[in-house]
Amino acid sequence: MLDKELRSMIDKVAGGKMDRRAFIQRMAAIGLTAPVANQILALGGVAMAEGASTYKPTKRGGGGALKLLWWQGPTLLNPHFATGTKDQDGSRLFYEPLACWDPDGNMKLVLAAEIPSIQNGGLAADGKSVTWKLKPGVKWHDGKPFTADDVVFNWEYASDPATSALTIGTFRDIVVEKIDDLTVRIVFNKPTPFWADAFVGAPNAIIPKHLFADYKGAKSREAPNNLSPVGTGPYKFVEFKPGDLVRGVLNPDYHMPNRPYFDTLEMKGGGDAVSAARAVIQTGEYDFGYNIQVEDDVLLRLEKGGKGKAVYAVGGDTEFVALNFTDPNTEVDGERSSMKTKHPLFSDPAVRKALSLLVDRESVKKAIYGRAGRTTANFLNGPEKFVSKNTTWEFSIEKASKILDDAGWKPGADGIREKDGKKLKLLYQTSINGPRQKTQAIVKQACQKAGIDVELKSVVATVFFSSDVGNPDTYPKFYADMEMFQIPMSQPDPAQHMRRYISSEVATKENKWQGRNFPRWVNKEYDATIEAAEGEMDPVKRAALYIKANDLLIQDVVFIPVQHRLKVEAAANNLQCIISGWANETDNLFDWYREA
Amino acid sequence: MSQYVLRRLLIAIPSLLGISLVLFIVLAMAPGDPFSELTTNPNVPPEVAAALRAKFGMDDPIYLRYLHWLSAMAHGDWGFSFVSRMDVDTLILQRLPATLYVIGSAQILALLIAIPVGVYAATKPYSLFDQIANTLAFVGFSLPTFFTGILFILIFSVTLDWLPFVYSTDIKATGIRWVLEMIRQAIMPVAVLGLFQAASMTRFVRSAMLDVIRLDYVTTARAKGLGQAKVIVKHVMRNAMIPVVTLIALQMPAVFGGAIVTEQIFRIPGIGSLLISSILANDTPVVMAVTFVFACLVVLFNLIADVLYGWLDPRISLR
């Protein structure tokens with residue numbers, strides 16, 4: 001649909017007739033994230049932009065101490081074992097990837113000498129390989145040189161199943177070759193439009209071969225350096241107490257000029273988000289607090305006369321309500337929500353349509369998320385305003401009622417609609433979480449007015465998000481009619497995110513509910529679209545395919561998107577911190593400084 | 001006496017085994033697993049999560065896992081944390097100093113308040129002092145520490161800006177300044193916990209004293225013409241302290257176990273906060289180790305209290 005338009009736009013950028021920024025903004029408008037837009041340009045023959053640096057200090061050090069407050073402190077410091085962002089954040093203080101993402105989704109060089117492009121020969125035109133040139137003269141904190149061997153080793157290390165690295169998904173389907181000491185080539189087994197996964201961003205920071213070579217495979221847990229990192233980063237490791245404290249000092253041999261600014265670094269863990277916000281914004285005891293999931297009113301109150309402020313970064317996280325396409329109340333062969341059943345109420349598309357009209361996203365934003373949320377009609381959200389031309393959302397109890405009336409759902413004596421003896425009664429579950437439970441209440445109220453009876457349920461997060469096969473309350477089992485949460489979009493590319501909902505990913509008893517398609521929605525067109533997108537090397541066509549996939553999810557009301565959520569951080573007023581919605585909080589730490 | 005101690009010791013072993021078995025089963029049956037976060041991470045294939053489970057022995061039957069744990073524990077191997085892949089004993093030892101310092105100071109503070117106040121209140125029952133002390137004690141143990149903790153933070157950190165409310169294990173100072181900083185940052189948590197403990201202990205001391213003060217031998221002592229102070233300190237307190245000492249002995253494990261709520265509020269990296277974060281992360285080996293150590297301490301101090309009783313009152317150990 002957009003092929004021609006996109007193609008001509010790329011040509012315009014290549015010919016210098018269109019500004020790169022304008023291109024990215026247009027891509028955002030059709031639902032593509034900035035990193036993806038940049039990659040499209042790269043594959044279309046336009047070299048990828050390098051993120052502009054806003055770093056001002058003219059000498060290394062002298063910035064005093066930087067005090068970071070992580071309300072969940074890192075528990076280990078090896079990026080390959082990192083569970084969750086807290087560990088990636090901690091590892092990233094010392095280890096570095098080849099490149100990271102800036103707030104606009106541009107690539108920023110860290111250990112790489114240049115961004116691969118078709119022009120510089122780094123990027124193969126068929127998308128089956130990418131060649132990275134490494135920065136010369138980079139040293140590990142112990143003085144050993146950083147070379148291509150280290151990069152290749154990280155691939156060997158992580159792709160070995162016995163290592164049990166959590167980064168295996170990134171590495172197992174690729175081959176990494178050493179060309180020379182400062183050049184590596186990544187070979188993909190199929191055309192890979194998103195080639196900047198391996199070795200890019202905090203989750204893929206590189207560990208030194210000379211300290212980990214003996215601990216590849218089954219002995220991975222025994223490496224002494226799992227707890228005392230020796231990296232290439234701006235700060236050298238000093239001390240680590242899991243969950244409590246990570247300390248570092250300035251690395252005098254750092255490979256970037258005039259960096260880092262701070263002399264020492266401290267990351268303190270523990271406590272809760274509200275008091276973290278207080279310690280940064282109100283009392284100024286700390287300089288920066290991450291992931292401040294606090295109601296906006298509270299933040300606004302703390303900001304009054306305080307020493308810090310809330311900082312926002314736009315990523316692609318979407319809070320959604322998912323509908324169950326199977327029947328959670330009927331057991332077939334010992335399995336509820338079995339693929340052999342159909343949801344008695346949601347099999348009528350009118351009910352799903354009506355429900356999507358009953359989610360008042362504007363009220364949820366106003367009452368709960370404030371500055372940290374944006375209303376959205378899409379499941380796949382970009383970094384800027386995501387306004388897919390094909391989707392819209394609306395809140396209207398009248399329209400919902402009319403749809404239900406027309407479909408034959410008539411209010412019974414108790415005011416609850418029914419049809420063929422089936423009552424519109426729904427069970428709506430989520431994890432125990434203030435904003436989520438408040439959203440539930442808002443949705444329930446609207447449903448009641450439209451004659452739908454909604455029972456609310458909330459499950460402890462540790463159970464809800466677990467893979468415990470024995471527990472009926474996990475989200476993949478989905479023993480409810482609707483459920484609400486958010487799946488973090490960990491990569492600035494939709495491939496992984498959208499693949500979850502293909503038919504073969506359905507979570508069933510057979511695969512121990514490890515499948516990722518928990519709504520158990522089966523749609524051949526979606527499968528074909530994703531299949532086509534993954535094999536599609538033409539970036540323009542690929543983009544159009546993911547937009548189509550998003551639209552299919554929305555048209556069929558598999559998901560009712562509630563909010564596009566931003567990352568919220570707390571920072572001292574004079575701290576110049578660079579936060580990207582596409583990266584970890586500590587990913588751009590080398591560019592942080594304090595304004596005098 | 002020695003036979004009595006031996007008997008007590010022999011009873012302690014099966015109770016510890018029983019406790020560990022119950023703990024293990026409860027933890028094994030609790031929902032969630034340490035790799036739950038992996039299920040929402042699209043980058044981690046389900047096979048990897050499954051392989052990790054298998055590698056860490058989580059798919060073995062419970063009895064096998066228990067026997068494995070027991071034999072490792074008997075060899076002094078506490079296992080390693082699934083979450084930080086670090087040895088559990090290192091992890092606990094890292095946390096112990098902060099706990100001992102803060103919770104220990106709080107206990108001492110509690111004793112320093114409770115004993116004099118309780119004793120004095122008991123000597124003048126229903127006097128103005130007694131009534132004020134009683135009222136304050138009731139208020140004290142009715143207010144939970146999470147409430148007083150936040151109240152203290154709001155008053156002393158936010159409004160007055162006198163004290164820090166984030167406990168730091170990494171104070172950048174040496175010598176006397178380091179000591180002062182250590183004291184400064186412990187004031188609030190110690191006060192919160194200490195006052196809470198003092199409140200209930202005051203009531204206990206007071207009633208123990210009142211029980212004794214009415215006994216005939218006290219009246220006799222007074223009749224002999226002994227001064228009030230001597231009667232109270234030498235005759236009443238000594239006897240009244242027997243149950244108080246027991247109570248304190250039984251509270252000792254709490255000093256090692258930390259105070260979960262207070263540690264959480266002030267970000268004290270102690271055993272309590274380790275326990276709560278391990279429970280939240282389903283880090284079974286750590287939870288198991290911490291709770292088991294706690295159980296051992298309870299049994300040990302029970303034993304000490306029993307022995308102490310036997311020594312104070314020989315009738316108990318003879319039977």
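Keep in mind that what you see is a predicted model, and the values were worked out from it rather than measured. (Residues numbered from 1 in each chain as written. Chains lettered and ligands numbered in written order. Predicted model: local features only at pLDDT ≥ 70, side-chain atom pairs only at ≥ 80, totals over all residues. Heavy atoms only, no water.)

Q: Even after reading the chapter, I still don't get the overall build of chain A, so can you show me in this structure?
A: A count of helical and extended segments in chain A gives 17 helices and 21 strands. Here the C-alpha atoms of chain A give a radius of gyration of 25 Å, agreeing with the 25 Å that 2.2 N^0.38 yields for 596 residues. Viewed in the frame of its principal axes, chain A has a C-alpha envelope of about 80 × 55 × 55 Å. With 596 residues in all, chain A has 63% of them scored as buried. Excluding contacts between residues fewer than 6 apart, the proportion of contacts in chain A whose partners are at least 24 apart in sequence is 70%. Carbon and sulfur atoms form 51% of the exposed surface of chain A, whose accessible area is close to 21200 Å². Placing the 76 positive and 75 negative side-chain charges of chain A at their respective mean positions leaves the two points 2 Å apart. (Helix = DSSP H or I, 4+ residues; strand = E, 2+ residues; numbered from the N terminus. Rg over C-alpha atoms; globule rule 2.2 N^0.38 Å. Buried < 20%, exposed > 50% of the residue type's maximum accessible area, 1.4 Å probe, protein only. Contact = heavy atoms within 4.5 Å. Areas by Shrake-Rupley, 256 points an atom, 1.4 Å probe, with all protein chains shown as cover. Lys, Arg positive; Asp, Glu negative; His and termini not counted. Charge placed at Lys NZ, Arg CZ, Asp CG, Glu CD.)

Q: Explanation requested: the interface of chain B and chain A in the structure shown.
A: Accessible area lost upon the coming together of the parts is a frequently used measure of interface size. Contact with chain B, which involves 46 residues of that partner, is made by 58 residues of chain A. Here chain B and chain A share an interface that buries about 4500 Å² over both sides, 53% of which is from carbon and sulfur atoms. For the salt bridge of Arg221 of chain A with Asp87 of chain B, the shortest nitrogen-to-oxygen distance reads 4.0 Å. Put simply, the parts of the chain that give the side of chain B that touches chain A at least two residues each are helix 2 (46-55), helix 4 (88-123) and helix 6 (145-159) of chain B. Among the elements that take part in the side of chain B that touches chain A, helix 2 of chain B stands out by supplying five residues, more than any other. In the side of chain B that touches chain A, the residues fall into 22 nonpolar, 13 polar and 11 charged. (Buried area = accessible area lost by both parts, 1.4 Å probe. Salt bridge = Lys/Arg side-chain N within 4 Å of Asp/Glu carboxyl O. Nonpolar A, V, L, I, M, F, W, Y, C, P; charged D, E, K, R; others polar.)

Q: What is the right way to read the confidence of the model for chain A from this model?
A: Regions with low pLDDT carry predicted coordinates that are not meant to be interpreted in detail. All names here are of chain A. Model confidence for chain A is summarised by a mean pLDDT of 87, while 91% of its residues fall at 70 or above. By mean pLDDT, helix 3 (residues 34-43) is the weakest element of chain A at 64, and helix 7 (residues 209-212) is the strongest at 96. Here residues 383-387 is a poorly scored stretch, pLDDT under 50, and it has 21 contacts once near neighbours within four places are set aside; other chains count. (pLDDT = per-residue confidence, 0-100.)

Q: Explanation requested: the sheet that holds strand 13 (residues 410-411) of chain A in the structure shown.
A: Either a parallel or an antiparallel arrangement is found when strands of a sheet pair, and the pairing is made through backbone hydrogen bonds. All names here are of chain A. With respect to topology, three strands assemble into an open sheet ordered 13-14-15, the strand pairing being antiparallel. Single-partner strands in this sheet number two, and they are strand 13 and strand 15 (422-423). Relative to strand 14 (residues 417-419), strand 13 runs antiparallel, the two sharing two bridges. Paired with Lys410 across the strands is Glu418, a residue of strand 14. (Pairing = 2+ DSSP bridges.)

Q: Can you walk me through a nonpolar patch on the surface in this structure?
A: On the surface, Val139, Leu143, Phe146, Phe147, Ile150, Leu151, Leu154, Ile155, Leu160, Trp162, Ile260 and Val261 of chain B cluster together to form a nonpolar patch covering roughly 990 Å² of accessible area. The exposure class of Leu151 of chain B is partly exposed, given its relative accessible area of 36%. (Patch = residues over 30% accessible without salt bridge, like charges linked within 9 Å, V, L, I, M, F, W, Y side chains within 5 Å.)

Q: Help me out: how do you make sense of the environment of Gly169 of chain A in this one?
A: All names here are of chain A. With respect to the helices and strands, the residue Gly169 is situated in helix 6 (residues 168-171). With relative accessibility at 25%, the residue Gly169 sits in the partly exposed group. For Gly169 and Ala198, which are 29 residues apart along the polypeptide, the C-alpha to C-alpha distance reads 9.7 Å.

Q: Would you mind showing me how to read the packing of helix 5 (residues 128-142) of chain B against helix 7 (residues 175-213) of chain B here?
A: All names here are of chain B. The geometry of helix 5 relative to helix 7 is characterised by a closest axis approach of 8 Å and an angle of 135° between their N-to-C directions. Compared by their axis directions, helix 5 and helix 7 come out oblique. Of the two elements, helix 5 crosses helix 7, and the hand of that crossing is left-handed. For the pair formed by helix 5 and helix 7, the contact residues are Asp130, Asn134, Ala137, Phe138, Gly140 and Phe141 on the first element and Phe196, Ala199, Ser200, Arg203 and Arg206 on the second. Of the residues in the contact of helix 5 with helix 7, the class split is five nonpolar, three polar and three charged. (Axes fitted to C-alpha atoms, helices over the stretch in contact; angles between N-to-C directions. Parallel < 35°, antiparallel > 145°, perpendicular 65-115°, else oblique. Left-handed = near helix turned anticlockwise from the far one by under 90°.)

Q: So what exactly am I meant to see when it comes to the packing of aromatic side chains here?
A: Describing an aromatic ring pair means giving the distance of the ring centres and the angle of the ring planes. Residues and elements named next belong to chain A. Applying the stated criterion across every chain yields a total of 40 aromatic pairs over all chains. Judged by centre distance (6.3 Å) and plane angle (75°), the ring pair of Tyr261 and Tyr593 falls under edge-to-face. Residue Tyr261 is located in the loop between strand 8 (245-250) and strand 9 (264-269), and its partner Tyr593 is located in strand 21 (residues 593-594); the two are separated by 332 residues in the primary sequence. An identical accessibility class is assigned to Tyr261 and Tyr593; each is buried. What links up through ring pairs into an aromatic cluster is the set Phe320, Phe379, Phe464, Tyr475, Phe478, Phe485, Tyr501, Phe518 and Phe559. Sitting above the plane of the Tyr286 ring, Lys67 keeps its charged end 4.7 Å from the centroid. Between the NZ or CZ atom of Arg259 and the centre of the ring of Tyr55, over which it lies, the distance is 4.3 Å. (Phe/Tyr/Trp six-rings, centres within 6.5 Å; stacked < 30°, edge-to-face > 60°. Lys NZ or Arg CZ within 6 Å of the ring centre and 35° of its normal.)

Q: Would you mind showing me how to read the environment of Asn574 of chain A here?
A: Examined against the element boundaries, Asn574 of chain A turns out to sit in the loop between strand 19 (559-572) and strand 20 (575-576). If sequence neighbours within four positions are ignored, Asn574 of chain A has contacts with Tyr593, Arg594 and Glu595 of chain A.

Q: Sorry, what's going on with the pairing of strand 19 of chain A here?
A: Strand residues, when the strand is regular, have side chains that alternate between the two faces of the sheet. Residues and elements named next belong to chain A. Extensive coverage of strand 19 is indicated by the burial of 13 of its 14 residues. Alignment of strand 10 (residues 288-289) against strand 19, held across two bridges, turns out to be antiparallel. The residue bridging Phe288 from the neighbouring strand is Ala571, located in strand 19. Bridge count for strand 11 (residues 308-323) against strand 19 is 12 bridges, and the pairing is antiparallel. Note that in strand 19 the partner of Val321 across the bridge is Ile560.

Q: Got a minute to help me understand helix 4 (residues 84-92) of chain A in this structure?
A: Spacing of three or four residues puts side chains on the same side of an α-helix, whose turn is 3.6 residues. All names here are of chain A. Helix 4 sits mainly inside the fold: eight of its nine residues count as buried. Taken residue by residue, helix 4 has Gly84, Lys86, Asp87, Gln88, Asp89, Gly90, Ser91 and Arg92 as its buried positions. Contact partners of the buried residues in helix 4: strand 1 (65-70), strand 2 (99-101) and strand 9.

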